[in-house]
Amino acid sequence: MNGITTVSTTRVGARDGFEWWSRMVGDAVMPVAIASPYADRFRGTATSIRLTDTEVAGFAFSPMTARRAAAHIRRADPEQYFLFLVHGGPIGIEQRRNNTLLTAGDMAIFDTSHPLSCEFRDDGRLSHVSLLRLPRATLPLPQDRVDRLLGTALPARTGSGALLASYLTGLRAEAGRCEPEELHRLGAVALALCATFLAARTDSPVPAAHETRHQVLLARVRAFIEANLADPGLGPAAVAAHHHISVRLLHLLFRDEPETVAATIRRLRLERSCADLANPGLGHRRIGEIAERWGFRHQADYSRAFRRAYGMPPSDFRRQALPG
């Protein structure tokens, strides 16, 4: 209901709970290696609230350690920040040579693109944390400045930090009573409040509300395009309709971008088709099949677009990419 999902180790039983939890964290947050003295009787519950462009999740689990190494990053990197709020026992966190111990009421931020170590210490109770997912593409702050905060304790008891902590706690408590449209707006508020909080910590200008909305919407549009390139009906009208905006507003959104919406879709489709043409594992597929796979209705249109972009027909490109 309302994009809220709750899962628990109770669904798999005590013996399999730890392995199930490890897989769930890898899928829901990022791949990590976890260890726990309670592996044979591990308990954990996670509640996720899906919001537009972000997600708020609450986790309660047996004490454990979690480490994200370079191998995990190579395996999967969602390129996101996560801001977390501690509700239960102490947590030790280390990232980018910053090392701190957090207690109940503290906040911190970590990045999925850097090695990370977390120790959820055993104080006789389950660890409790709230997580706010922050896609880097939608956070209107200089990345190098935000990176300086990784693995450090952020003030959460005064000012905008206290407001953000209270907001996340209240959102988790009341989300089940909210309609989808309300959650959409509440997610935008969470991102804006977090951006304001982090801007103060990084000595960055606080982004104007319209600038934040513009960047968030542009990131949403780009993600939607990337995920729907295979749909031959994908075009400015379909993109605008999905995001409940006019085509005119969509074009205005791309006014300062290096290419139009249609040009972006065409370029990405051609890039994906190039990768397929150069893939030996797809050498058995006809060029028309590859064109159709990436949303081109007619092979002739595809060939003309390909020639304009790369100066040769797709058949010549394939011969050069797959000699012999």
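Heads up: the structure comes first, above all this text.
Residues numbered from 1 in each chain as written. Predicted model: local features only at pLDDT ≥ 70, side-chain atom pairs only at ≥ 80, totals over all residues. Heavy atoms only, no water.

1. What to know about the overall build of the protein
Working step 1: Within the protein one finds 12 helices and 11 strands.
Working step 2: Projecting the C-alpha coordinates of the protein onto the three principal axes gives extents of approximately 70 × 45 × 40 Å.
Working step 3: When the accessible surface of the protein is totalled, it reaches about 16500 Å², and 51% of it is carbon and sulfur.
Working step 4: The averaged location of the 33 negative side-chain charges in the protein is 3 Å from the averaged location of its 41 positive side-chain charges. (Helix = DSSP H or I, 4+ residues; strand = E, 2+ residues; numbered from the N terminus. Areas by Shrake-Rupley, 256 points an atom, 1.4 Å probe, with all protein chains shown as cover. Lys, Arg positive; Asp, Glu negative; His and termini not counted. Charge placed at Lys NZ, Arg CZ, Asp CG, Glu CD.)

2. A word on the packing of aromatic side chains
Working step 1: This model, assessed by the stated rule, comprises 13 aromatic pairs.
Working step 2: Ring centres of F306 and Y310 lie 4.8 Å apart, and the angle between their planes is 50°; on these two criteria the pair is classed as tilted. One end of the pair, F306, and the other, Y310, are both in helix α11 (residues 299-310), four residues apart, so they sit about a helical turn from each other.
Working step 3: On the basis of relative accessible area, Y310 is assigned to the partly exposed category, the value being 34%.
Working step 4: Between the aromatic rings of F306 and F317, the centroid separation amounts to 5.6 Å while the plane-to-plane angle is 70°, which identifies the pairing as edge-to-face. Of this pair, F306 sits in helix α11 while F317 sits in helix α12 (residues 314-321), placing them 11 residues apart in sequence.
Working step 5: Note that R136 overlies the ring of Y81, its terminal NZ or CZ placed 5.9 Å from the centroid. (Phe/Tyr/Trp six-rings, centres within 6.5 Å; stacked < 30°, edge-to-face > 60°. Buried < 20%, exposed > 50% of the residue type's maximum accessible area, 1.4 Å probe, protein only. Lys NZ or Arg CZ within 6 Å of the ring centre and 35° of its normal.)

3. Quick look at helix α1 (residues 14-28)
Working step 1: Taking 1.5 Å per residue, 15 residues should reach 21 Å; α1 reaches 21 Å between its end C-alpha atoms and fits that length.
Working step 2: By the largest-angle criterion, W20 marks the main kink of α1, which is about 25°.
Working step 3: Of the residues making up α1, those classed as buried are G17, F18, W20, W21, M24 and V25.
Working step 4: In this fold, the buried residues of α1 make contact with β1 (4-8), β2 (33-35), β3 (44-51), β4 (54-61) and β5 (64-68). (Expected span 1.5 Å × (residues − 1). Bend = angle between axes of the 7 residues up to and from the residue. Contact = heavy atoms within 4.5 Å.)

4. Things to note about the side chain of T100
Working step 1: In this structure, T100 sits in strand β8 (residues 98-102).
Working step 2: Once you skip the residues sitting within four places of it in the chain, T100 turns out to touch I91, G92, I93, G151, T152 and A153.

5. Quick notes on unusual backbone geometry
Working step 1: In this model, R96 sits at a positive phi of 50°, which is unusual for a non-glycine residue.
Working step 2: Here R96 shows up in the loop between β7 (91-95) and β8.
Working step 3: Classification of R96 by relative accessible area gives partly exposed; the value is 46%.
Working step 4: For R97, which is not a glycine, the phi torsion comes out positive at approximately 70°.
Working step 5: With respect to the secondary-structure elements, R97 resides in the loop between β7 and β8.
Working step 6: Residue class for R97 comes out exposed when judged on its relative accessible area of 84%.

6. Quick word on the nonpolar core
Working step 1: Formed by 33 residues in total, the largest nonpolar core has its most connected members in L83, M107, I109, L134 and L198.
Working step 2: For this core, the leading source of residues is helix α5 (residues 180-202), giving nine residues.
Working step 3: Beyond its immediate chain neighbours, meaning those up to four positions away, L134 contacts Q80, Y81, L83, I109, L191, C194 and L198.
Working step 4: Counting residues in each nonpolar core, the second largest holds 30 residues, with V25, I34, I93 and L102 among its members. (Core = buried A, V, L, I, M, F, W, Y, C linked by side-chain atoms within 4.5 Å.)

7. Points about the packing of helix α4 (residues 159-174) against α5
Working step 1: Closest axis-to-axis distance for the α4/α5 pair is 9 Å, and the angle between their directions is 155°. As summarised for this structure, α4 and α5 are arranged roughly antiparallel, according to the angle between their axes. The handedness of the crossing between α4 and α5 comes out as left-handed. In this structure, α4 uses S160, G161, L163, L164, Y167 and L171 to contact α5, whose residues at the interface are L186, V189, A190, L193, C194, F197 and R201.
Working step 2: Of the residues belonging to the contact of α4 with α5, the class tally is 10 nonpolar, two polar and one charged. (Axes fitted to C-alpha atoms, helices over the stretch in contact; angles between N-to-C directions. Parallel < 35°, antiparallel > 145°, perpendicular 65-115°, else oblique. Left-handed = near helix turned anticlockwise from the far one by under 90°. Nonpolar A, V, L, I, M, F, W, Y, C, P; charged D, E, K, R; others polar.)

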